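Fold and contact review
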Amino acid sequence: QVQLVESGGGLVQPGGSLRLSCAASGSIFSINAMGWYRQAPGKQRELVAAITSGGNTNYADSVKGRFTISRDNAKMTVYLQMNSLKPEDTAVYYCNARGVGGEFKRLDAWGQGTLVTVSS
């Protein structure tokens, strides 16, 4: 079993900042990539940002320059620093981890989601 535990969501005013964290635990051999996705009401889940074990990053165009993804490989934790938040960033944010799990099975795990609300 693999668990991804997210934290850091909440209510923030436009222009404010939040930092999300996601810690992985359980039967994990290696994590190749970790990322953050989000899903707003009535919309499909979309990639926000992702980072490989080597530190390569990928961002959605809508968050470039405002969000920063980072990870601590030793702690199997990924972070998302969100600055200059906009109302359109409001969504449930999900953590994802991909790699190799126990018994060398493919790992593709998701967190339970954390709500980010940007509103005045």
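An account of the accompanying structure is given in this report. Only a predicted model underlies this, so the values are computations on that prediction, with no experimental measurement involved.

Quick notes on the overall build of the protein
When you go through the protein residue by residue, the secondary structure sums to zero helices and eleven strands. For the protein, the N- to C-terminal ordering of α and β elements is β-β-β-β-β-β-β-β-β-β-β. Taking 2.2 N^0.38 as the reference for a compact globule, 120 residues should give roughly 14 Å; the C-alpha atoms of the protein span a radius of gyration of 14 Å, in line with that estimate. Each of the three principal axes of the protein carries a C-alpha extent, and together these read 50 × 25 × 25 Å. For the protein, buried positions account for 40% of its 120 residues.

Re the pattern of salt bridges
Tallied over the full model, the rule gives seven salt bridges. Residue Arg38 pairs with Glu46 through a salt bridge whose shortest N-O separation is 2.8 Å. For Glu46, a relative accessible area of 35% translates into the label partly exposed. As a salt-bridge pair, Arg106 and Asp108 come within 3.4 Å of each other at their nearest N and O atoms. On the accessibility criterion, Arg106 (72% relative accessible area) is exposed. A relative accessible area of 30% means that Asp108 is categorised as partly exposed. A single network of salt bridges, built from pairs that share partners, joins Arg38, Glu46, Arg66 and Asp89.

Some thoughts on the packing of aromatic side chains
If you walk through the whole model with that rule in mind, you get two aromatic pairs. Above the ring of Trp110, the side-chain terminus of Arg45 is found at 4.7 Å from the ring centroid.

Topic: the side chain of Arg71
Residue placement: Arg71 occurs in strand 7 (residues 67–72). The side chain of Arg71 is buried and forms no salt bridge, while Asp72, the nearest opposite charge, is found at 8.0 Å. Polar contacts involving the side chain of Arg71 include one to the main-chain carbonyl oxygen of Ile31, which spans 3.3 Å. A distance of 3.2 Å separates the side chain of Arg71 from the backbone oxygen of Ile51, its partner in a polar contact. Those residues in contact with Arg71 that lie beyond four places of it in its chain are Ile31, Asn32, Ala33, Met34, Ile51, Thr52, Ser53, Thr77, Val78 and Tyr79.

Here we look at unusual backbone geometry
One non-glycine residue with positive phi stands out, namely Met76, at about 50°. Position of Met76 among the secondary structure elements: in the loop between strand 7 and strand 8 (77–82). With phi around 50°, Ser84 is a residue other than glycine that occupies positive phi space. Position of Ser84 relative to the elements: it lies in the loop between strand 8 and strand 9 (91–101).

Focus: the environment of Asn58
Residue position: Asn58 is located in strand 6 (residues 57–59). Residues Asn58 and Ile69, spaced eleven residues apart in sequence, show a C-alpha to C-alpha distance of 8.7 Å.

A closer look at the sheet that holds strand 3 (residues 18–26)
Pairing within the open sheet is antiparallel, and its four strands lie in the order 1-3-8-7. Looking at strand neighbours, the two that pair on one side only are strand 1 (2–7) and strand 7, the edges of this open sheet. Ignoring which end each strand starts from, the neighbouring axes of this sheet average 15° apart. As paired elements, strand 7 and strand 8 share six bridges and run antiparallel to each other.

What counts, and where the lines are drawn
- Residues numbered from 1 in each chain as written.
- Predicted model: local features only at pLDDT ≥ 70, side-chain atom pairs only at ≥ 80, totals over all residues.
- Heavy atoms only, no water.
- Helix = DSSP H or I, 4+ residues; strand = E, 2+ residues; numbered from the N terminus.
- Rg over C-alpha atoms; globule rule 2.2 N^0.38 Å.
- Buried < 20%, exposed > 50% of the residue type's maximum accessible area, 1.4 Å probe, protein only.
- Salt bridge = Lys/Arg side-chain N within 4 Å of Asp/Glu carboxyl O.
- Phe/Tyr/Trp six-rings, centres within 6.5 Å; stacked < 30°, edge-to-face > 60°.
- Lys NZ or Arg CZ within 6 Å of the ring centre and 35° of its normal.
- Lys, Arg positive; Asp, Glu negative; His and termini not counted.
- Polar contact = N/O pair within 3.5 Å; in protein donor to acceptor, adjacent residues only side chain to side chain.
- Contact = heavy atoms within 4.5 Å.
- Pairing = 2+ DSSP bridges.
- Axes fitted to C-alpha atoms, helices over the stretch in contact; angles between N-to-C directions.

Interpretation note: all reported values are geometric properties and have no functional meaning in isolation.
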